[in-house]
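# Structure at a glance
Read off the chains here:
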Amino acid sequence: MNAVFKIKDDTQKIEFIENYLLTKLKEFKHPFLHQAIESIKSANDQKLNITEIAKKNAISRTTFNKQFLLHIGTTPSQFIKIERFRNAIKMFTKHATKDQLIDIVYLAEYFDQSHMAKDFKSLTGYSPKIFFSKLSQIENNQINWIFL
């Protein structure tokens, strides 16, 4: 800290602190979380079972949940819900029209329309119909904005 206080220029202070912090940065390596996340993200047309993912990595479901929460900040179930939600937004921007929300239900692998509505309400506070009516794309549909 004494070295930081001796630097008069704010830009140089910032650079000094950033360089210091970069020396302390360690790459995150975990024996099974990277593989588990890839399994979740690449699960096309298959129902994910957290127990099966845990067994595939030779750990208990409890250990899997604890490690996931500790290192990712959410439970595997919540992470799957968020991934499904993100896929629904992707499917909406690519395939469905505003009148065909039922198509998104199946493309994004929800069980049924009420399942999608429940997940959307819990994540956004809006029903899917209202959420998608407020959704706007910019930058060649690469960025999605929601206008409240």
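Description of the structure in this document. These numbers come from a predicted model, not from an experiment.

### Concerning the side chain of S39
Tracing the sequence through the fold places S39 in helix α3 (residues 33-41). With relative accessibility at 17%, the residue S39 sits in the buried group. For S39, the contacting residues outside a window of four places in its chain are L48 and K56.

### Some points on the packing of helix α6 (residues 76-94) against helix α8 (residues 113-124)
Contact geometry for α6 and α8: axes closest at 11 Å, N-to-C directions at 105°. When the axes of α6 and α8 are compared, the pair comes out roughly perpendicular. Residues Q78, K81, I82, R84, F85 and A88 of α6 touch α8, and the partners they reach there are H115, D119, F120, S122, L123 and T124. Across the contact of α6 with α8, the residue classes break down as 5 nonpolar, 4 polar and 3 charged.

### Remarks on the nonpolar core
By size, the foremost hydrophobic cluster in this structure holds 14 residues, and its most contacted members are I104, Y110, M116, F120, F131 and F132. Of all the elements in the fold, those that place two or more residues in this core are α6, α7 (101-107), α8 and α9 (128-134). In terms of residues, this core owes the most to one element, α6, which gives 4 residues.

Reading the values: the criteria
Residues numbered from 1 in each chain as written. Predicted model: local features only at pLDDT ≥ 70, side-chain atom pairs only at ≥ 80, totals over all residues. Heavy atoms only, no water. Helix = DSSP H or I, 4+ residues; strand = E, 2+ residues; numbered from the N terminus. Buried < 20%, exposed > 50% of the residue type's maximum accessible area, 1.4 Å probe, protein only. Contact = heavy atoms within 4.5 Å. Axes fitted to C-alpha atoms, helices over the stretch in contact; angles between N-to-C directions. Parallel < 35°, antiparallel > 145°, perpendicular 65-115°, else oblique. Nonpolar A, V, L, I, M, F, W, Y, C, P; charged D, E, K, R; others polar. Core = buried A, V, L, I, M, F, W, Y, C linked by side-chain atoms within 4.5 Å.

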